[in-house]
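# Coordinates in review
Spelled out, the chains give:
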Amino acid sequence: MARLNDEVAALLQEYADLILLTGGDAFRARSYEKAARSVGGYHKDIGGLDLKGLQEIPGVGKSTAEKITEYLGTGRVAAVEKLRAKVPPGVREIMAIPTVGPKTAALLHAELGISSVEELLEAAKAERLGGLRGLGERTAENIVHGIEVLRQSGGRVLLNVALEQAEEIVAALADVPGCLRCAYAGSLRRMRETIGDLDVLAAAEDSAPLMAAVAGLPDVAEVLVRGATKTSVRTVQGVQVDLRVVPPEDWGAAMVYFTGSKAHNIRLRSRAVKAGLRLSEYGLFEVGSGAKAGSGAKVASATEEEVYRALGLPWIPPTLREDRGEIDAAPAGELPEPVTEQDIRGDLHTHTDLTDGLATLEQMLEAAADRGYKYCAVTDHAPDLAMQRMTDEKMLVQRQRIRELDRHYRGMRVLHGTELNIGPDGGVDWPAEFLAGFDLCVASIHSHFGADRETQTRRLIRACENPYVHIIGHPTTRLLGRRPAIDADFDAVYAACARTGTALEINASPERLDLGDEQILAARRHGVRFAVNTDAHSTVHLANLRYGIATAQRGWLGKDEVINTWPLRRLQGFLRGKRV
Ligand code: DGT
Ligand code: CA
Ligand code: CA
Ligand code: ZN
């Protein structure tokens, strides 16, 4: 939906980066950066807006609006092209290294001619950075570490980026004459938090038109392999897409195989072997004996259900196909019934423009009501995050307004909350008297990420022990591909959550997905409750819920373990029922 908005947001962000890299005005760069965020989060599709409409977007002035119009009309912006010509693309990548800012990137380029991450790594290792004026002593060390963090993402892309591209590709291929079915498989169908490459399957009698179509898609930058059963391309966004075309009668077996995971497939295959069968991407077969080995009759292949059934299994949801015990649990009837988006009755972590959100309180509530929510908590940032400039008074004015607005939404209860900051010692922003006025408090770590394990563990446990803290927000604080999780004894934290009746958030932002699937699995063994929240900073972010739900499913969560699937009264009972 917001695809064009995202495209323009990326362009404006690039422009802001280029301004900084060319030594331009930092204030101007900041304003383009802000415009980028606004456009990305804007609730209307900017494709339909004229100059005047564009300027109604917060943070978009006349000259930004003109650049957007130029882009919409011609596909390029002269001012951006001009700066692109001055800065090799690799320099912008250098700027993306954690701990390296635009100033350093520009300096490295100007003084040492470094114009790629690779060259920078070489220079750092050859100790060529030391003598550079304006570079701190530990900089070289930090740069090497920053590159490692970046590399750990290993060229994988975030789930939302992959999903948006896959949905477009699947829609385009489904329209090709002769295409009987088309779907994405692989890690994307399992909704892993990051995606290595896209695996798209199509069913057709003749593969040629589909292979030609995928190679000709508008976003394709390069065709890597072109064959009768498989074509691989790379998109301009740098994502590899493998298209495989199978005969319609083998669709189910191919979907099972290419959805994976590999470990799940291996388990399935050994289950087949025990039953005297053989499973491959072409189907489930009887094993012929003697001379006819390998040429047995086909038992199942048309649908996934059929393949699983022939193996004595119910159909297993793709989010559970990770070889985490699902194949043993399924026949025993012990697979969880995974929580779904439809089960969610409300979001318990959202922001408005009172702090760093992009939408007004009214717009956020309108959008929440449109989603059919029965309740919604507004949780703007608390004062210890100094840049948000929160005050007691602003909070109380917002509460008053929320109490008024609540009456307008007959079907939806508006809860007044806040997102507290867990301080270095586990304290939070306000004293008990003030906290008592909120319907709900999320508490999150936003600083001192590098503290040692003991400190972090104590911090989180103290937050759980606060009688006014109901949910620990994005508990590990990781940013996928950018910032690792804090070091803490999370088992001790999960135990504290269970003991005190504090829920753990599954933050649905595709940049976080925090807790992640493995941590959810560990936490639920302690009997912890969870809240799947979007942490929306704009109305469009409310739809990120799907990523949080998929992550919850991958953590084997059923509806009952997630507090924001509960009816309002039960939720309120939980909020009142802290055991401290
Ligand atoms: P990714 O792309 O790294 O995010 O992860 P996947 O799971 O999409 O892996 P990918 O693209 O290499 O392969 C897609 C699916 O194909 C994988 O989930 C299972 C299946 N597959 C690939 N290689 C093998 C294999 O060697 N054995 C088996 N049993 N299945 C495989
Ligand atoms: Ca893949
Ligand atoms: Ca693949
Ligand atoms: Zn937040």
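Described below are features of the structure shown in this document. Predicted model only: the values in this text are computed from it and were never measured. (Residues numbered from 1 in each chain as written. Chains lettered and ligands numbered in written order. Predicted model: local features only at pLDDT ≥ 70, side-chain atom pairs only at ≥ 80, totals over all residues. Heavy atoms only, no water.)

Here the focus is the site of ligand 1. As a structural note, the neighbourhood of ligand 1 is formed by 16 residues, with Arg156, Ser187, Arg190, Gly196 and Asp197 the closest of them. Note that an oxygen atom of ligand 1 is positioned 3.0 Å from one of the side-chain N or O atoms of Asp199. A distance of 3.3 Å separates a nitrogen atom of ligand 1 from a polar side-chain atom of Asn265. Considering ligand 1 on its own, with 600 Å² of exposed area, one finds that the protein chains cover 73% of that surface. Mapped by element, the contributors of at least two residues to the shell around ligand 1 are helix 11 (186–189), helix 13 (251–259) and helix 14 (262–274). Both domains that meet at the shell around ligand 1, namely domain 2 (157–246) and domain 3 (251–329), each give it at least three residues. (Near = heavy atom within 4 Å. Polar contact = N/O pair within 3.5 Å; in protein donor to acceptor, adjacent residues only side chain to side chain. Areas by Shrake-Rupley, 256 points an atom, 1.4 Å probe, with all protein chains shown as cover. Helix = DSSP H or I, 4+ residues; strand = E, 2+ residues; numbered from the N terminus. Domains from an automatic or database assignment.)

On to the coordination of the calcium ion (ligand 2), then. Within the protein, Asp197 (O), Asp197 (OD) and Asp199 (OD) serve as the donor atoms for the calcium ion (ligand 2), at 2.2 to 2.6 Å. The site at the calcium ion (ligand 2) holds six donor atoms, and with the angles between them running 69 to 166 degrees, its shape is irregular. In this structure, the calcium ion (ligand 2) lies 3.7 Å away from the calcium ion (ligand 3), the two metals sharing Asp197 as a donor. The exposure class of Asp197 is partly exposed, given its relative accessible area of 24%. (Donors = N, O, S within 2.8 Å, 3.2 Å for Na, K, Ca; no water. Tetrahedral: all angles 85-135°; square planar, octahedral: opposite > 155°, others 65-115°. Buried < 20%, exposed > 50% of the residue type's maximum accessible area, 1.4 Å probe, protein only.)

Now for the coordination of the calcium ion (ligand 3). Only Asp197 (OD), Asp197 (OD), Asp199 (OD) and Asp242 (OD) from the protein reach the calcium ion (ligand 3) as donors, at distances of 2.3 to 2.7 Å. Motif for the calcium ion (ligand 3), donor spacing along one chain: D-x1-D-x42-D.

In this section: the sheet that holds strand 8 (residues 277–280). For sheets, the rule is that strands pair by backbone hydrogen bonds, running either parallel or antiparallel. What the three strands build is an open sheet, ordered 8-9-10; its pairing is antiparallel. A single partner strand is all that each edge strand has here, and the edge strands are strand 8 and strand 10 (298–300). Pairwise comparison of adjacent strand axes, ignoring direction, gives a mean angle of 35 degrees for this sheet. As judged from the two bridges shared by strand 9 (residues 283–286) and strand 10, these two strands associate in the antiparallel manner. From the neighbouring strand, Leu284 faces strand 10, where its bridge partner is Ala300. Strand contacts of helix 14: strand 8 and strand 9, with the helix running at about 155 degrees to strand 8, the strand carrying the most contacts. (Pairing = 2+ DSSP bridges. Axes fitted to C-alpha atoms, helices over the stretch in contact; angles between N-to-C directions. Contact = heavy atoms within 4.5 Å.)

Moving on, we get to the sheet that holds strand 14 (residues 440–444). Strand order in this open sheet of seven strands is 11-12-13-14-15-16-17, and the pairing throughout is parallel. Each of the sheet's edge strands pairs with one partner strand only, and the pair in question is strand 11 (346–347) and strand 17 (530–533). Two strands pair when backbone bridges link them, and strand 13 (residues 413–421) and strand 14 are joined in this way by five bridges, in the parallel orientation. Each residue of the ladder has a partner; that of Glu419, found in strand 14, is Val442. Contacts from helix 23 (residues 545–554) reach strand 16 (503–507) and strand 17, with the element oriented near 150 degrees to strand 17.

Turning next to helix 7 (residues 102–112). For helix 7, the full list of buried residues reads Thr104, Ala105 and Leu108. Buried residues of helix 7, seen end-on, are gathered within an arc of 100 degrees and therefore sit on one face of the element. Along helix 7, exposed side chains directed more than 90 degrees from the buried face belong to Lys103, Ala110 and Glu111. Residues of helix 7 that are buried make contact with helix 1 (3–21), helix 6 (89–95) and helix 8 (117–125). Just past helix 7, the residue Gly113 takes up positive phi, approximately 65 degrees. (Arc of directions from axis to C-beta.)

The geometry of helix 1 relative to helix 4 (residues 62–74) is characterised by a closest axis approach of 11 Å and an angle of 125 degrees between their N-to-C directions. Classified by the angle their axes make, helix 1 and helix 4 are oblique. Where helix 1 crosses over helix 4, the handedness of that crossing is right-handed. Contact with helix 1, carried on its side by Leu4, Glu7, Val8, Leu11, Leu12 and Tyr15, involves Thr64, Lys67, Ile68, Tyr71 and Leu72 of helix 4 and no other residues of that element. (Parallel < 35°, antiparallel > 145°, perpendicular 65-115°, else oblique. Left-handed = near helix turned anticlockwise from the far one by under 90°.)

Glancing now at helix 17 (residues 361–370). Those residues of helix 17 not exposed but buried are Leu361, Met364, Leu365, Ala367 and Ala368. In a view along the axis of helix 17, the buried residues occupy a sector of 160 degrees, so they form one face of it. Where helix 17 is buried, its residues contact strand 12 (375–381), helix 18 (392–406) and strand 13.

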